[in-house]
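Topology and contacts: notes
Here is how the chains run, residue by residue.
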Amino acid sequence: AQSVTQLDSQVPVFEEAPVELRCNYSSSVSVYLFWYVQYPNQGLQLLLKYLSGSTLVKGINGFEAEFNKSQTSFHLRKPSVHISDTAEYFCAVRGIQGAQKLVFGQGTRLTINP
Amino acid sequence: GAGVSQTPSNKVTEKGKYVELRCDPISGHTALYWYRQSLGQGPEFLIYFQGTGAADDSGLPNDRFFAVRPEGSVSTLKIQRTERGDSAVYLCASSLDRGPEEKLFFGSGTQLSVL
């Protein structure tokens with residue numbers, strides 16, 4: 001079984017500032033890792049994913065995340081945020097084998113202030 | 001349509017009533033998932049279909065919840081004897097199911113309110 005903890009429920013930042021959204025996971029097996037974004041009144045969209053290989057993965061809209069196996073973390077970063085990045089962000093994991101289901105964290109609400 | 005379609009977008013019902021929530025996946029997607037998102041929480045897995053069959057229904061909370069996908073495309077989530085605790089956004093997602101690299105496409109959800 002897997003679990004995901006997003007350490008911050010809300011993160012307010014100023015426009016053009018850098019941001020990091022934290023995600024830690026727990027699993028007894030190897031996992032794939034994902035970040036999804038949910039804009040107001042829209043469905044969840046995949047930002048980026050880590051399956052294997054380089055631990056630094058780049059996604060859409062200038063976001064990137066780094067997989068740290070020893071710290072069981074997959075933190076999401078962006079060097080300079082824009083007003084349009086205001087949304088809810090969800091970290092998720094899936095076991096490499098077995099069940100297809102994603103296990104999501106509680107979400108982090110990112111608010112960008114002008 | 002271009003994406004996953006869920007109807008209705010909002011459903012208000014009274015405690016004890018029966019409801020059906022519909023999901024139209026992207027054409028050709030063999031995998032279909034239902035998730036439930038309570039206020040302030042992340043989505044929680046309910047059930048996963050491969051084609052017409054439920055490959056994993058371990059997330060259904062009890063026997064009041066049931067889902068079908070008779071022709072391998074449209075799916076219906078059915079909730080009997082609704083309770084106030086069933087109030088949530090019910091999300092549907094689909095994919096080509098060729099492996100973990102396959103992108104999951106989510107619908108906008110059905111907001112269920114049980115009064």
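Residues numbered from 1 in each chain as written. Chains lettered and ligands numbered in written order. Predicted model: local features only at pLDDT ≥ 70, side-chain atom pairs only at ≥ 80, totals over all residues. Heavy atoms only, no water.

Considerations on the overall build of chain B
In terms of regular secondary structure, chain B is built from zero helices and 11 strands. From first element to last, N terminus to C terminus, chain B shows the α and β order β-β-β-β-β-β-β-β-β-β-β. Computed over the C-alpha atoms, the radius of gyration of chain B is 13 Å, within 12% of the 13 Å expected from 2.2 N^0.38 for a compact globule of 115 residues. In terms of overall dimensions, chain B has C-alpha extents of about 40 × 25 × 25 Å along its principal axes. Split into buried and exposed, the 115 residues of chain B put 45% on the buried side. Of the contacts formed within chain B by residues at least 6 apart in sequence, a portion of 53% connects residues at least 24 apart. Of the roughly 5500 Å² that chain B leaves accessible, carbon and sulfur atoms contribute 46%. Once the 12 positive and 13 negative side-chain charges of chain B are each reduced to a mean point, those two points are 7 Å apart. (Helix = DSSP H or I, 4+ residues; strand = E, 2+ residues; numbered from the N terminus. Rg over C-alpha atoms; globule rule 2.2 N^0.38 Å. Buried < 20%, exposed > 50% of the residue type's maximum accessible area, 1.4 Å probe, protein only. Contact = heavy atoms within 4.5 Å. Areas by Shrake-Rupley, 256 points an atom, 1.4 Å probe, with all protein chains shown as cover. Lys, Arg positive; Asp, Glu negative; His and termini not counted. Charge placed at Lys NZ, Arg CZ, Asp CG, Glu CD.)

Digging into the nonpolar core
Nonpolar side chains tend to gather and get buried jointly when the protein is soluble and globular. Trp35(A), Leu48(A), Phe74(A), Leu76(A) and Tyr89(A) are the most contacted members of the largest nonpolar core, which totals 28 residues. Excluding its chain neighbours within four sequence positions, the residues that come into contact with Tyr89(A) are Gln6(A), Leu21(A), Trp35(A), Tyr36(A), Val37(A), Leu47(A), Phe63(A), Leu76(A), Gly107(A), Thr108(A) and Leu110(A). (Core = buried A, V, L, I, M, F, W, Y, C linked by side-chain atoms within 4.5 Å.)

Points about the sheet that holds strand 3 (residues 19–24) of chain B
All names here are of chain B. Taking strand neighbours across the sheet as the criterion, the four strands line up as 1-3-8-7 in an open arrangement whose pairing is antiparallel. Where the open sheet ends on each side, the last strands, each with one partner, are strand 1 (5–7) and strand 7 (65–68). Taken over all neighbouring pairs, the strand axes of this sheet differ in orientation by 15° on average, direction set aside. In this structure, strand 7 lies alongside strand 8 (residues 75–79), joined through four bridges in antiparallel fashion. In the strand pairing of strand 8, phenylalanine 65 is matched with isoleucine 79. (Pairing = 2+ DSSP bridges. Axes fitted to C-alpha atoms, helices over the stretch in contact; angles between N-to-C directions.)

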